[in-house]
Amino acid sequence: MRSAQSHTVAALSFLFLVMCSSVPAEAQAKAGAAKAAADQPPEGPDLLLRDFAPRTHLDVKRTPIERARFPVIDVHFHMDGNADPLEVARIMDGLNLQTVVNLGMKDMWGETLKSYAEKWVKRFPGRFAVMANLDEKQINHPDFSRQAVAQLREDVRNGAMALKIYKELGLVWKDAHGKLIRPDDPRFDPVWDACAELGIPVLIHVNDLKSFFDPIDRFNERYLSLTLDRRSSWYGTVDITHDQLMQHFENVIAKHPATTFIGAHVGMHYEHLYSGARWLDTYPNLYYDIAASCKHLGRQPYTARRFMIRYQDRMLFGCDIGRVPNPEVYQYMFRVLETDDEYFEHVEPNAGLPWKIYGLYLPDEVLQKVYSLNARKLFPQFRRVPATTAARPRAGR
Ligand SMILES: [Zn+2]
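A few points on the structure. Since this is a predicted model, take the numbers as computed values, not measurements.

## Observations concerning the environment of Gly199
- With respect to the helices and strands, Gly199 occurs in the loop between helix 7 (189-198) and strand 5 (202-204).
- Separated by 181 residues in sequence, Gly199 and Pro380 have C-alpha atoms that sit 10.0 Å apart.

## Re the nonpolar core
- If you look at the biggest cluster of nonpolar residues, it comprises 94 residues, and the most contacted ones within it are Val130, Met131, Leu163, Val202, Leu203, Met308 and Val370.
- Considering each element in turn, this core owes the most residues, six residues, to helix 14 (residues 327-338).
- With residues up to four places along the chain from it excluded, the contact list for Leu203 reads Val75, His76, Leu103, Met131, Ala162, Lys164, Ile262, Ala264 and Asp289.

## Considerations on the pairing of strand 2 (residues 97-102)
- In terms of residue burial, strand 2 counts as a mostly covered element, since six of its six residues are buried.
- Crossover connection from strand 1 (residues 72-79) via helix 3 (residues 85-95) to parallel strand 2: handedness right-handed.
- Here three bridges tie strand 2 to strand 3 (residues 128-132), and the two strands are oriented parallel to one another. Residue pairing for strand 3: Val100 is matched across the bridge by Phe128.

## Remarks on the environment of Ile204
- With respect to the secondary-structure elements, Ile204 resides in strand 5.
- Setting aside residues up to four positions removed in sequence, Ile204 forms contacts with Ile165, Phe261, Gly263 and Ala264.

## Some words on the sheet that holds strand 2
- Strand order in the open sheet made by the nine strands is 8-7-6-5-4-3-2-1-9, with parallel pairing throughout. Two strands bound the open sheet, and with one partner strand each, they are strand 8 (315-316) and strand 9 (322-323).
- Pairing of strand 7 (residues 286-289) with strand 8, which is carried by two bridges, proceeds in the parallel orientation. Across the sheet, the residue bridging to Tyr288 is Met315, located in strand 8.

## Digging into helix 7
- Buried residues of helix 7: Val191, Trp192 and Cys195, and no others. Around the axis of helix 7, the buried residues are gathered within 100 degrees of arc, so they sit on the same side.
- Each element contacted by the buried residues of helix 7 is listed here: helix 5 (144-157), strand 4 (160-165), strand 5 and helix 9 (242-255).
- Of the residues one or two after helix 7, Gly199 is the one with positive phi, at around 70 degrees.

About the cut-offs
- Residues numbered from 1 in each chain as written.
- Predicted model: local features only at pLDDT ≥ 70, side-chain atom pairs only at ≥ 80, totals over all residues.
- Helix = DSSP H or I, 4+ residues; strand = E, 2+ residues; numbered from the N terminus.
- Core = buried A, V, L, I, M, F, W, Y, C linked by C-beta atoms within 7 Å.
- Buried ≥ 20, exposed ≤ 12 C-beta atoms within 10 Å, placed from the backbone.
- Contact = placed C-beta atoms within 7 Å.
- Right-handed = clockwise from strand over helix to strand, strands pointing away.
- Pairing = 2+ DSSP bridges.
- Arc of directions from axis to C-beta.

Keep in mind that these numbers describe shape and distance, not what the molecule does.
Spelled out as structure tokens, the structure:
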């Protein structure tokens, strides 16, 4: 009804404008207003799902966090190498962000890595670090394993402190016959073994959200975000399931006990933390980062809090944003980890998550470990950085 009325109003306004064409400025303004009214999403049953933007009346505590309570080492970042390190360090100082580790943009080896290390890591030791990547173009070369290990040795000499593997392994990279290459493919075994020998961890992202493998239909809880950006969906494009990839990932960790693995995004277990716990209980060579995970941890605050406390020695801080550090994203993560705020907005680049976030209110000793102490245990180059700066008064309760 209301929708029909507003259309009538718009039509009448237009008629009025035609009749008053002797005053063009006024007419234009009115035409603009009429158009805006016509563009408004309808009220009532005709409202479309994509226009639904509820505003809560829930009036609860809001605790803005400007700066982390303890110094932070971010082990999962994708830096714009062309940025100015001094400018980036200034942003980091404001957030109590001590170190940012660049995982590259799938191109971090050879000259690219060397010049990044020269400009960022060697000039600002302790503030910036870099991980090496594998060269996708070489994957199907008969001599891939030997070449990859040789490249990795060179990259470590040039300053790489770990190897980063992207989710393309398992979801995109294909063999010479066009079949997806499994993460536990034996061609990578010499690479994992070389990491153990070089004393560097492998930060590895295998798999994707279960909803990204599901049909984009009314049952998909990521329906809105997937319709806004369909590229995230693997439905109908890959011949593999979330559960199969989880198994292939576990095979790698089990087969290489001397290699330290850091599973990116809580090892992709954040929708099933119980299995993430089983892996940590089974494999002492395994850690997780919490990159891009707060939107998942913060919607199961009781389970996630217990998980973070139980595995406080195995969790690393990571943000997973790109270009230069964005204070808004860090401050959101600090709020999730430090406060007991309830029912707040996640900070997510692609909109359309149909849930809100709750703070985990982690105890100080857990916060310190997740923020930096665990990273310092894994990466000797960070051990020289001072253990704490002045803590600020505790937010929350
Ligand atoms: Zn990432």
